[in-house]
Amino acid sequence: MSGVQTITVGPGDGDQRLDRWLKRMFPHLAQGRIEKMCRKGELRVDGGRVKGSTRLQVGQQVRIPPLPEPGEVSSQPKPSVSDADARMIREAVLYRDDHIIALNKPPGLPVQGGSGQTRHVDGLSEALRFGYDENPRLVHRLDRDTSGVLLMARTRAVAKELTAAFRARETRKIYWAVVAGVPQPRMGTVRYGLVKAPGHGKGGEGEKMRCLHPDAVAGTEGAKHATTDYAVLSELGRRASWVALVPVTGRTHQLRAHMAELGHPIVGDGKYGGSGQENLGDGWGAQLGGEISRKLHLHARSLALTHPVSGARLQITAPLPDHMARTWDYVAWNPADVPTDPFAEDA
């Protein structure tokens, strides 16, 4: 067992998640052990409590409690990726070169591990090495039940560039969704702020985002400004519509919370739409009946970005997941009938 250590974040290690930095320094450390040290306040950065997702900056001091030596670790060995999972995640690859990998993330597959989550994209990334010595790194996230384009970096340097590009809003993400009713006007911008509302379970289960007026953000602890552009692409009478959504900001559950606040929750959204909720807009709630209502209809359709190495402009598009493709067939919507970017001036 080692003693207490204080390590200074060196050049080239900045803008990394704390948990990833620790795993690189101490490969035998399990994710669960890192999260436990954070919860207990044993891991500290510049004297303050942190989370595993805290991003480190060059020059910060990381206090690390006594750690077991590699031979002392008694936890079960990390299970390898099964052949079926390896095949599934490789088949999800939309684009790959020497620097980046883009996946069409299946709905229901978490991006990272959490409470009770043992199967996730991050854990399956070993199957995406394609000859490299390191696993590709996540540079952004999608909700577990949201499908579509998910970008990964194949090296630490590229991960840093892509993370900076997402933060600077130099990428453009367009989502497709089915929402209850038909938003009016048919194209607009939502600017409600968002603040986390606590859940009711022991571990915070049921936690969700609450919308508030933009003017109230500054005076509300933990609140952040959020902006979403939307455009109606087609409609099913007055009952539902196919919309394109652009998260100008990237807040947790932003698209789902914003559309629900407008009175047009995303179909199949049990958290923000409810299984039998009364819709206060002109929609019919987030339930349309049958299979359509059983799964979230939110898909990261496309991602446009400047390649971090070549400088070329990339446009990556993800086909609809099976449950949404069946909905499109059922209501006779055709993806070829709408522009790639409905918000562009020439659309």
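Before any of the text, the structure's been laid out above.
The structure reproduced in this document is the subject of the present report. Predicted model, so just to flag it, every value in this text is computed and none were measured.

1. A short note on the overall build of the chain
- When helices and strands are tallied, the chain shows seven helices and 18 strands.
- When each of the 347 residues of the chain is scored for burial, the buried share is 46%.
- Of the roughly 17600 Å² of accessible surface on the chain, 47% is carried by carbon and sulfur atoms.

2. With respect to the pattern of salt bridges
- Under the criterion given, the structure shown has 14 salt bridges.
- Linking Asp13 and Arg156 is a salt bridge whose minimum nitrogen-to-oxygen distance equals 3.1 Å. Here Asp13 is found in the loop between β1 (5–8) and β2 (16–17), whereas its partner Arg156 is found in helix α5 (residues 156–167), with 143 residues between them in sequence.
- Since its relative accessible area comes to 13%, Asp13 is described here as buried.
- Its relative accessible area of 28% is what places Arg156 among the partly exposed residues.

3. Overview of the pairing of strand β7 (residues 93–96)
- With three bridges joining them, β7 and strand β8 (residues 100–105) adopt antiparallel strand pairing. In the strand pairing of β8, Tyr95 is matched with Ala102.
- Linking two consecutive strands that pair antiparallel, namely β7 and β8, is a turn of three residues.

4. A look at unusual backbone geometry
- With an omega of 0 degrees, the peptide bond running from Gln184 to Pro185 counts as cis.
- Backbone geometry places Phe130, a non-glycine residue, at a positive phi of 50 degrees.
- Looking at Phe130, the relative accessible area reads 32%, which means it is partly exposed.
- One non-glycine residue, His253, lies in positive phi territory at about 55 degrees.
- Secondary-structure assignment places His253 in the loop between β16 (240–247) and α6 (254–261).
- Residue His253 is classed as buried on the basis of its relative accessible area, which comes to 16%.

5. Considering the packing of aromatic side chains
- Taken as a whole and assessed by the stated rule, the structure comprises five aromatic pairs.
- With a centroid separation of 6.3 Å and an interplanar angle of 10 degrees, the aromatic rings of Trp176 and Trp328 are classed as stacked. Taken together, the positions of Trp176 in strand β11 (residues 172–180) and Trp328 in helix α7 (residues 322–331) put the pair 152 residues apart, joining distant regions of the chain.
- The exposure class of Trp176 is buried, given its relative accessible area of 4%.
- The exposure class assigned to Trp328 is buried, which follows from its relative accessible area of 1%.
- Aromatic pair Trp242 and Trp333: ring centres 5.6 Å apart, planes at 40 degrees, arrangement tilted. You can see Trp242 sitting in strand β16 and its partner Trp333 sitting in the segment after α7, a full 91 residues away along the chain.

6. Comments concerning the packing of helix α1 (residues 18–25) against helix α2 (residues 31–39)
- Contact geometry for α1 and α2: axes closest at 11 Å, N-to-C directions at 125 degrees. As the angle between them shows, α1 and α2 are arranged oblique. Crossing of α1 against α2: the hand is right-handed. The segment α1 lies against α2, with Leu18, Asp19, Leu22 and Lys23 engaging Gln31, Ile34 and Cys38.

7. Some points on the sheet that holds strand β4 (residues 48–49)
- Pairing in this open sheet of four strands is antiparallel, and the strands run β1-β6-β3-β4 from one edge to the other. Lying at the two open borders of the sheet, with one neighbouring strand each, are β1 and β4.
- Of the pairings in the sheet, the one linking strand β3 (residues 44–45) to β4 comprises two bridges and is antiparallel in character. Looking across to β4, one finds that Val45 is bridged to Gly48.
- The strands touched by α1 within the sheet are β1 and β6 (61–64), with β6 carrying the most contacts at an inclination of about 65 degrees.

8. Digging into α1
- Residues of α1 that are buried: Leu18, Asp19, Trp21 and Leu22. The buried side chains of α1 occupy one side of the element, clustering within an arc of 160 degrees when seen end-on.
- On its buried face, α1 sits against β1, β2, α2, β5 (55–56) and β6.

9. Observations regarding α7
- Where α7 is concerned, the buried positions are His323, Met324, Thr327, Trp328 and Val331. Burial along α7 is one-sided: seen end-on, the buried residues are contained in an arc of 140 degrees. Residues of α7 that are exposed and angled more than 90 degrees away from the buried face: Asp322 and Asp329.
- Positive backbone phi, approximately 65 degrees, marks Ala332, located one or two places after α7.

10. A closer look at the environment of Arg55
- Structurally, the position occupied by Arg55 is in strand β5.
- For the pair formed by Arg55 and Gly14, sequence separation is 41 residues and the distance between their alpha carbons is 7.7 Å.
- Residues in contact with Arg55, not counting those within four places in the same chain, are Asp15, Gln16, Arg17, Gln60, Thr163 and Arg167.
- Polar contacts involving the side chain of Arg55 include one to the main-chain carbonyl oxygen of Asp15, which spans 3.0 Å.

Conventions and cut-offs
- Residues numbered from 1 in each chain as written.
- Predicted model: local features only at pLDDT ≥ 70, side-chain atom pairs only at ≥ 80, totals over all residues.
- Heavy atoms only, no water.
- Helix = DSSP H or I, 4+ residues; strand = E, 2+ residues; numbered from the N terminus.
- Buried < 20%, exposed > 50% of the residue type's maximum accessible area, 1.4 Å probe, protein only.
- Areas by Shrake-Rupley, 256 points an atom, 1.4 Å probe, with all protein chains shown as cover.
- Salt bridge = Lys/Arg side-chain N within 4 Å of Asp/Glu carboxyl O.
- Pairing = 2+ DSSP bridges.
- Phe/Tyr/Trp six-rings, centres within 6.5 Å; stacked < 30°, edge-to-face > 60°.
- Axes fitted to C-alpha atoms, helices over the stretch in contact; angles between N-to-C directions.
- Parallel < 35°, antiparallel > 145°, perpendicular 65-115°, else oblique.
- Left-handed = near helix turned anticlockwise from the far one by under 90°.
- Contact = heavy atoms within 4.5 Å.
- Arc of directions from axis to C-beta.
- Polar contact = N/O pair within 3.5 Å; in protein donor to acceptor, adjacent residues only side chain to side chain.

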